[in-house]
Every structure is written in structure tokens, then in C-alpha cells.
Amino acid sequence: MSPAARLRGLKPDWISDPKVWRTEVLGGLVVALALIPEAISFSIIAGVDPAIGLFASFTMAVTIAIVGGRRAMISAATGAVALVIAPLNREHGFGYLVAAVILAGVFQITLGALGVARLMRFIPRSVMVGFVNSLAILIFMAQIPELRGVPWPVYPLLVGGLALMVFFPRLTTVIPAPLVSIVVLTVITVAAGIAVPTVGGKGELPSSLPVPGLPEVPFTLDTLTTIAPYAFAMALVGLMESLMTAKLVDEITDTHSDKTRESIGQGIANVVTGFFGGMGGCAMIGQTMINVKVSGARTRLSTFLAGAFLMVLCVVFGPVVSDIPMAALVAVMVMVSFATFDWHSIAPRTLKRMPAGEITVMVITVVCVVATHNLAIGVVVGSITAMVVFAKRVAHLAEVTAVTDPDGGSVVYRVTGELFFASSNDLVGRFDYATDPKKVVIDLSAAHIWDASSVAALDGIAAKYAQRGKTVEITGLNDPSADLHGKLTGELAAGH
């Protein structure tokens, strides 16, 4: 193969595909427009200047487009991160906030290298569905303040924007419907001189690019101990939201992403953002849904351009962007919330067939997220609930049946099911120690030993028989169970 042919083979598909180029460019532009009011709002939550949130969104998006593991996912300043670091900024100042962002990035790189992404496989589907539904609810709820106490023209503009996004794709999908809606509503409000809330009313847009620098804090152990708890909390929340979003995009696009690379990439993006004086961030679920589900973007180009367009729009076209009515962006986010919600999960037919435990887990996840406005808390509580439901269900699967030899010289207990801390607790009481013959055989060929609690339970059974001068023989262990039993038996009694 010639060098030129080899080079062509290394090029991404979108480089030579005009249709993909158009989708990615327009997708990035729509996301950039939607990022502006969000970034400003999150800056207010964190207690910093609006430019700080916009700078963070720019550096996060551009950096993660290069180093991230999930193509087309958008990372920027987020509300979850803003909530975590707001107290630090309020109590110690902006320099400490920036230092915490950098340290959070270091924590994320470390956690990513240690394989924290592999924990995603322990998140059940019911938690994932709850995560998606609660996300849709939060996106919708976040738009409600924009519809309270506003001039009446906001409401027809909102309806018009929704109508454009519903019906315009029937004419053509060449141009994303959200972009059309934003442009049309902006032209109408400016041309007719309609006084409604605009993007400019959220805060002043930056007029120059961010410059790198070190945080203005004393580089001492006291500073480290002050910022470390906030940085670690930010790292965990950021990774949780980013990995959950990556998993969601995997399902939507039917593609696989490198979660370890994404974890490390989030850390690198936060370190870069910190050195540019940004407030840090993580994956933005709403904007990612705009990019992937609404615009149809699939490559890193859209992510990169979302960040690049954001700065161009702010620095070069600030006056024009400031005139965009908030009603247009609210309409886009309302459509995103409806598209994100898993309506099938609450259909009566689905609820009738779904096990009660699965429905409970989904509902608890949604309630926790909506109540706390923290997706990470909902996922953790939902996962713990799912584990409890699973343990309770499996604990009842361990059965014990006894067969006595015709000559009465021995009895065989056949144990069926999974033996772990929940099921093995009942095991000791399932044997007739007083009336059983001298020889007792416990057949575990249809069972599996999972933990030390089960080994301790078997030792306890043998000890009870031994007190009565009877012997116990354990048979049928599979290889993993025999290995665990062999290592722990006799070592778990009191005093060891």
C-alpha cells in the first residue's frame, strides 16, 4: 500500500463526506447557541462572572473533542458541578475554585486510570431508565422559570418554535429544525420590535478569548486540604454524569465508546479548563441530546465546533446573539426533554409486565434525582435499591431437601440455589440436628458459594452436628466454590 493510500485509510469518514460535514457543522452551531444561556445560568449558580462559565464551556468542549472516549458527546460547564463548587467560591474566593477544578481533573485522571469506568456495568437497566426519565424531567423543569412573569408574546413564540421543530423536518432535514426555529423567532422579534427576554438579558458576553494562568492561591498544604473535599466531590459527580451520558449515547447510536478514555479525558479537560480560569464541568446531557438525537451528529467534529462556535458567537457576533429570544431556546430544550423521556417505560402495557422491584427502582431513581437536582445521587440510591431488591429476590432461591437412606445410617441434604450472605443466614436452621443419623451428607452440586458468610454457615452446621457426635461430608462443590471453601473453612470461627 502506498503512503498516500495508507494516509487515506487513517482519515475519518467525515473528512470526505459533505453530508456528514453539513450535519456536524450545523449540529455544533445549534449546540453552541443552546450552550450560551445555560453556561451563563450555571455561572450565576457558582457565583462567578458569566464569562467564566462560557470560557469553561469553550475549553471543555474543544479539549474533550480531542481526548474524550465518546464521539459527539458535549462537555461544558454544568449545574451539577456548579452546585458542588459554589460553597468553595463563596467562602474562599475564585482562586480556590480554579485550584479545585484543576485538582478535580487530576482526581478524574487517576480514577480513570484505576478503572473506575468498569463500575458502569453494575448499574442496572431500571436505574438507567430512571436516569433518562429524571433527566428529561429536570430539563423541562429548568425551562419553567423562563416562562414565569414574562410578557405574553413569549407564549405564542414558544408555541411557534415548537411547531416549527415538529413540522419543519417533514419538509427537509438538510437544516436542523432547532436552528431554523431559533433563526425565525429571532428575526420575528427583532423585525417586529417585540420586547421579550433575550440571551443578552442573562449576562454580558465575553469580548475576548481566555488566557492561561495559574490560580491565585497560596501553594500550601492548608490550601490543598481546603480544596480537596470539593475537588473530589466534583470529580465523582462529573465522572458519574459523564459516564452515564456516554452509556446513553452508546445506546442511542448503537456504538461502543471507550469509558476509560472518557474518564481520563474528562480529567484532562478540567485541568485545561482550570488553567484557563474556567469553572470546570462534565458531560452536558441536554446539549448532548440536541447534538446526537435532534441534529444527528456522530463525530468529534460537532463537539469541537460547538466549543469553537461558542466563542465565535460570543466574541464576534455578541450583539446578534444577545438578541436571540429566550423563548426560542426554551422551545428547543422542551423538545429535547420530550425526545429524551422513555415513554415506553411508563406505558400501561409495560408496567403490567414489569416486575414490581424494577418499577420501584426506576421510581426511586427518578424521585431522588428530581428532589435533589443531582443525577449522581439518584443513580447511587437507585443502584443500592436495585442491589437490595436483587438480594431479597435471590435469598429465597436457596432450597434444602433431605433424603434418608433406607437403612437409616445416613441422610443426604441437597442444597439448591445461590449461597451468599442473604440466603446463607437461613441455612443453619434448615437441618434436623437432633434426630438425624450419625452421617450427614450435604450435596452442593446444584448450589454455588459466593462469599465468606456461606462458608461460615457451613462451618456452623458442621459444628452443631459435631457437638452431637455426628459427622458432616460436603460434596458436589464446583471448582470456584471448592476453592473458596477450601481457603476459608475452619478460619472463620470466633478467635481467628
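The structure this text deals with has already been given above.
Reference entry: report on the structure contained in this document.

**Looking at the overall build of the protein**
Thinking step 1. Scanning the protein from terminus to terminus reveals 20 helices and 6 strands.
Thinking step 2. Going through the 496 residues of the protein one by one, you find that 50% of them count as buried.
Thinking step 3. Put simply, of all contacts in the protein between residues at least 6 apart along the chain, 84% involve residues at least 24 apart.

**As for helix H7 (residues 154-167)**
Thinking step 1. For H7, which comprises 14 residues, the first-to-last C-alpha distance of 20 Å matches the rise-based estimate of 20 Å (1.5 Å per residue) to within 8%.
Thinking step 2. Of the residues making up H7, those classed as buried are Val154, Leu157, Leu158, Gly161 and Met165. Angularly, the buried residues of H7 cover 105° about the axis, an arc narrow enough to put them on a single face.
Thinking step 3. Each element contacted by the buried residues of H7 is listed here: helix H8 (177-192) and helix H14 (326-340).

**As for the pairing of strand S6 (residues 471-475)**
Thinking step 1. As judged from the 5 bridges shared by strand S5 (residues 439-449) and S6, these two strands associate in the parallel manner. Bridged to Asp443 within S6 is Thr475.
Thinking step 2. Of the crossover connections in this fold, the one passing from S5 over helix H19 (residues 452-467) to the parallel S6 is right-handed.

**What about the sheet that holds strand S4 (residues 410-419)?**
Thinking step 1. If you trace the 4 strands from one edge of the open sheet to the other, you get S3-S4-S5-S6, paired in mixed fashion. One side of each edge strand has no neighbouring strand; the edge strands of this open sheet are strand S3 (399-404) and S6. The average undirected angle you get between the axes of adjacent strands in this sheet is 20°.
Thinking step 2. In the sheet, S4 pairs with S5 via 9 bridges, with the strands oriented parallel. Directly across from Gly417, in S5, lies its bridge partner Ala447.
Thinking step 3. The strands that helix H20 (residues 479-488) touches are S5 and S6; relative to S5, the one it contacts most, it runs at about 120°.

**Re unusual backbone geometry**
Thinking step 1. We note that Ala72 has phi near 75°; this positive angle belongs to a residue other than glycine.
Thinking step 2. For Ala72, the position within the fold is in the loop between helix H3 (50-67) and strand S1 (75-76).
Thinking step 3. Residue class for Ala72 comes out buried when judged on its relative accessible area of 2%.

**A short note on the nonpolar core**
Thinking step 1. One finds Ile36, Leu54, Phe131, Met279, Ile290 and Leu310 to be the most contacted residues of the largest nonpolar core, which totals 104 residues.
Thinking step 2. When residues of this core are assigned to their parent elements, the largest contribution, 12 residues, is made by helix H2 (residues 18-46).
Thinking step 3. Ignoring any residue separated from it by four or fewer positions in sequence, one finds Ile290 in contact with Val30, Val31, Ala34, Ser295, Val332, Met333 and Val336.
Thinking step 4. Counting residues in hydrophobic clusters, the runner-up holds 18 residues, among them Ala398, Val440, Ile442 and Tyr465.

**A word on a nonpolar patch on the surface**
Thinking step 1. Among the surface-exposed residues, Phe140, Met141, Phe338, Trp343, Ile346 and Leu351 lie close enough to one another that they form a single nonpolar patch of about 530 Å² accessible area.
Thinking step 2. Of note, Trp343 is situated in the loop between H14 and helix H15 (348-353).
Thinking step 3. Of the residues examined, Trp343 reaches a relative accessible area of 45% and is grouped as partly exposed.

**Notes on the environment of Ala228**
Thinking step 1. Mapped onto the elements of the fold, Ala228 is located in helix H9 (residues 221-253).
Thinking step 2. Judged by its relative accessible area of 22%, Ala228 is partly exposed.
Thinking step 3. Separated by 125 residues in sequence, Ala228 and Leu103 have C-alpha atoms that sit 7.3 Å apart.

**Looking at the packing of H3 against helix H10 (residues 259-275)**
Thinking step 1. Viewed as axis vectors pointing N to C, H3 and H10 meet at an angle of 145°, and their least axial separation amounts to 8 Å. When you trace H3 past H10, the crossing you get is right-handed. Here Ala56, Thr59, Met60, Thr63, Ile64, Ile66 and Val67 of H3 come into contact with H10, specifically with Arg261, Glu262, Gly265, Gln266, Ile268, Ala269, Asn270, Val272 and Thr273.
Thinking step 2. Per-class residue counts for the contact of H3 with H10 are 8 nonpolar, 6 polar and 2 charged.

**Notes on the packing of aromatic side chains**
Thinking step 1. Applying the stated criterion across every chain, the model contains 9 aromatic pairs.
Thinking step 2. Here Phe140 and Phe338 contribute two aromatic rings whose centre-to-centre distance is 6.3 Å and whose plane-to-plane angle is 85°, an arrangement assigned as edge-to-face. Note that Phe140 is positioned in helix H6 (residues 125-143) and Phe338 in helix H14, a separation of 198 residues in sequence.
Thinking step 3. Given a relative accessible area of 37%, Phe140 falls into the partly exposed group.
Thinking step 4. By relative accessible area, which is 44% here, Phe338 ends up partly exposed.

**So, the pattern of salt bridges**
Close approach of charged atoms allows side chains with opposite charge to pair.
Thinking step 1. One pass over the full model with this rule turns up 7 salt bridges.
Thinking step 2. As a salt-bridge pair, Glu473 and Lys439 come within 3.8 Å of each other at their nearest N and O atoms. In this pair, Glu473 is assigned in strand S6 and Lys439 in strand S5, connecting sequence segments 34 residues apart.
Thinking step 3. Several salt bridges converge on common partners, so that one network encompasses Arg70, Asp250 and Lys259.

**Looking at the pairing of S3**
Taken residue by residue, a regular strand's side chains alternate between the two faces of the sheet.
Thinking step 1. The pairing of S3 with S4 spans 6 bridges and is antiparallel. By the bridge assignment for S4, Val403 is matched with Val412.
Thinking step 2. Linkage of S3 to S4, two consecutive antiparallel strands, is achieved through a turn of 5 residues, within which Gly408 is found at a positive phi near 75°.

**Comments concerning the side chain of Ser57**
Thinking step 1. The topology assignment puts Ser57 in helix H3.
Thinking step 2. Accessibility expressed as a relative area gives 0% for Ser57, which makes it buried.
Thinking step 3. Ser57 has contacts with Ala39, Ser75, Ala76, Ala77 and Leu310, leaving out every residue within four places of it along the chain.

About the thresholds
- Starting from 1, residues in each chain are numbered consecutively following that chain's sequence as written.
- Local features in a predicted model are, by the rule used here, given only for residues with pLDDT of at least 70; side-chain atom pairs are given and counted only at 80 or more, and totals for whole chains, interfaces and linings are based on all residues.
- Think of the side-chain values as coming from all heavy atoms in the structure, minus any hydrogens and water.
- By the criteria applied, helices consist of DSSP H or I runs no shorter than four residues and strands consist of E runs no shorter than two, each listed in order from the N terminus.
- Think of it in three bands: residues with accessible area under 20% of the maximum for their type are buried, residues over 50% are exposed, and the middle band is partly exposed, with areas taken using a 1.4 Å probe on protein chains only.
- In what follows, a contact means two residues having at least one pair of non-hydrogen atoms within 4.5 Å.
- Here the expected span of a helix is defined as 1.5 Å times the quantity of residues minus one.
- It is the directions from the helix axis to the C-beta atoms whose arc is reported.
- Strand pairing is defined by DSSP finding a minimum of two bridges between the two strands.
- If the strands point away from the viewer and the path from the first strand over the helix to the second runs clockwise, then the crossover is right-handed.
- Helix axes use the C-alpha atoms of the stretch in contact, all axes being lines fitted to C-alpha atoms, and the angles between their N-to-C directions lie in the range 0 to 180 degrees.
- By nonpolar core we mean a set of buried residues, namely Ala, Val, Leu, Ile, Met, Phe, Trp, Tyr and Cys, connected to one another through side-chain atoms within 4.5 Å.
- Like-charged residues within 9 Å of one another, or nonpolar side chains (Val, Leu, Ile, Met, Phe, Trp, Tyr) within 5 Å, are grouped into patches, provided each residue has over 30% relative accessible area and no salt bridge.
- Using a 1.4 Å probe, the Shrake-Rupley method yields the accessible areas, and only the shown protein chains count as cover for residues.
- A side-chain nitrogen of Lys or Arg and a carboxyl oxygen of Asp or Glu constitute a salt bridge if their distance falls within 4 Å.
- Note: crossing handedness is left-handed where the near helix turns anticlockwise from the far helix by less than a right angle, and right-handed where it turns clockwise.
- Note on residue classes: Ala, Val, Leu, Ile, Met, Phe, Trp, Tyr, Cys and Pro are nonpolar, Asp, Glu, Lys and Arg are charged, and everything else, Gly too, is polar.
- A pair of Phe, Tyr and Trp rings is counted when the ring centres sit within 6.5 Å of each other, with Trp represented by its six-membered ring. The angle between the planes then sorts it: under 30 degrees is stacked, over 60 is edge-to-face, the rest tilted.

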